[in-house]
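The chain contents come next:
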Amino acid sequence: QVQLVESGGGSVQPGGSLRLSCAASGSIFNIYGMGWYRQAPGKQRELAAHIALAGSTNYADSVKGRFTISRDNAKNTVYLQMNSLKPEDTAVYYCNAQVQTTVLGVPYDYWGQGTQVTVSS
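Here the structure is a predicted model, which is why all the values come from computation and not from measurement.

Undergrad: Can you tell me about the nonpolar core, naming the residues and giving the values?
TA: One finds Leu4, Trp36, Ile69, Val78, Leu80, Met82 and Tyr93 to be the most contacted residues of the largest nonpolar core, which totals 30 residues. Within the residue set of this core, elements represented by two or more residues are β1 (2-7), β3 (18-26), β4 (30-39), β5 (46-51), β7 (67-72), β8 (77-82), β9 (91-100) and β11 (115-119). If one sorts the elements of this core by residue count, β9 sits on top with five residues. When residues no more than four places from it in sequence are discounted, the contact partners of Leu80 are Leu18, Arg19, Leu20, Trp36, Ala49, Phe67, Thr68, Ile69 and Tyr93.

In structure tokens, the structure reads:
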């Protein structure tokens, strides 16, 4: 079993910053892609940022230049640095990881429980 535990959400004023962290634990052989998705009230969950095992990244157009995703493979942890936050960034942010649990296993998607980010004056 694999668990993803997020931290770092909260409330911030427009223009402020937050840093989200997500640590994976459990039966892990390898972690491939890791990412952050978000879901605003009444909207579908969408990808905010993704980072591959080798470090290549991609971002939603709405967060490019403001958010930075990174990972520490030794700690099985992914981060999301969010700067210049806007009210439209308000959402529940979910961590995602493609985890291979055994040497011959197929990677599966795992999700964190979500952390609330609220941007408001």
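Undergrad: Break down the side chain of Arg66 for me, citing the residues and quoting the values.
TA: The topology assignment puts Arg66 in the loop between β6 (57-59) and β7. From its side chain, Arg66 meets the backbone oxygen of Ser84 in a polar contact 3.0 Å long. Filtering out sequence-adjacent residues up to four positions away, Arg66 remains in contact with Gln81, Met82, Asn83, Ser84, Leu85, Lys86 and Asp89.

Undergrad: Which residues make up the state of the cysteines, and what values go with them?
TA: Applying the stated criterion across every chain, the model contains one disulfide. Covalently, Cys22 is tied to Cys95 through a disulfide, its sulfur atoms 2.1 Å apart. One disulfide, between Cys22 and Cys95, carries an S-S torsion of -80 degrees and so falls in the left-handed class. Linking Cys22 in strand β3 with Cys95 in strand β9, this pair joins segments that are 73 residues apart in sequence. Pair check on accessibility: Cys22 and Cys95 agree, each one buried.

Undergrad: Tell me about the side chain of Asn96, and please be specific about residues and values.
TA: Position of Asn96 relative to the elements: it lies in strand β9. Among the polar contacts made by the side chain of Asn96, one reaches the side chain of Gln98 at a distance of 2.7 Å. Each residue touching Asn96, except ones within four places of it in the same chain, is listed here: Leu4, Gly33, Met34, Gly35, Tyr37, Asp109, Tyr110 and Trp111.

Undergrad: Provide a residue-level description of the pattern of salt bridges, including the pertinent values.
TA: Tallied over the entire structure, the rule returns four salt bridges. Across the pair Asp89 and Arg38 runs a salt bridge whose closest N-O atoms are separated by 2.9 Å. Of this pair, Asp89 sits in the loop between β8 and β9 while Arg38 sits in strand β4, and the two are 51 residues apart along the sequence. According to the relative accessible area criterion, Asp89 is buried, its value standing at 1%. By relative accessible area, which is 5% here, Arg38 ends up buried. Where Arg66 meets Asp89, a salt bridge forms, and the shortest distance between an N and an O atom there is 2.7 Å. One end of the pair, Arg66, is in the loop between β6 and β7; the other, Asp89, is in the loop between β8 and β9, and 23 residues separate them in sequence. Residue classification places Arg66 among the buried residues on the basis of a relative accessible area of 10%. Via salt bridges that share partners, Arg38, Glu46, Arg66 and Asp89 belong to a single interconnected network.

About the criteria used
- Residues numbered from 1 in each chain as written.
- Predicted model: local features only at pLDDT ≥ 70, side-chain atom pairs only at ≥ 80, totals over all residues.
- Heavy atoms only, no water.
- Core = buried A, V, L, I, M, F, W, Y, C linked by side-chain atoms within 4.5 Å.
- Buried < 20%, exposed > 50% of the residue type's maximum accessible area, 1.4 Å probe, protein only.
- Helix = DSSP H or I, 4+ residues; strand = E, 2+ residues; numbered from the N terminus.
- Contact = heavy atoms within 4.5 Å.
- Polar contact = N/O pair within 3.5 Å; in protein donor to acceptor, adjacent residues only side chain to side chain.
- Disulfide = S-S within 2.5 Å.
- Salt bridge = Lys/Arg side-chain N within 4 Å of Asp/Glu carboxyl O.

The values reported here are purely geometric and, on their own, carry no functional implication.
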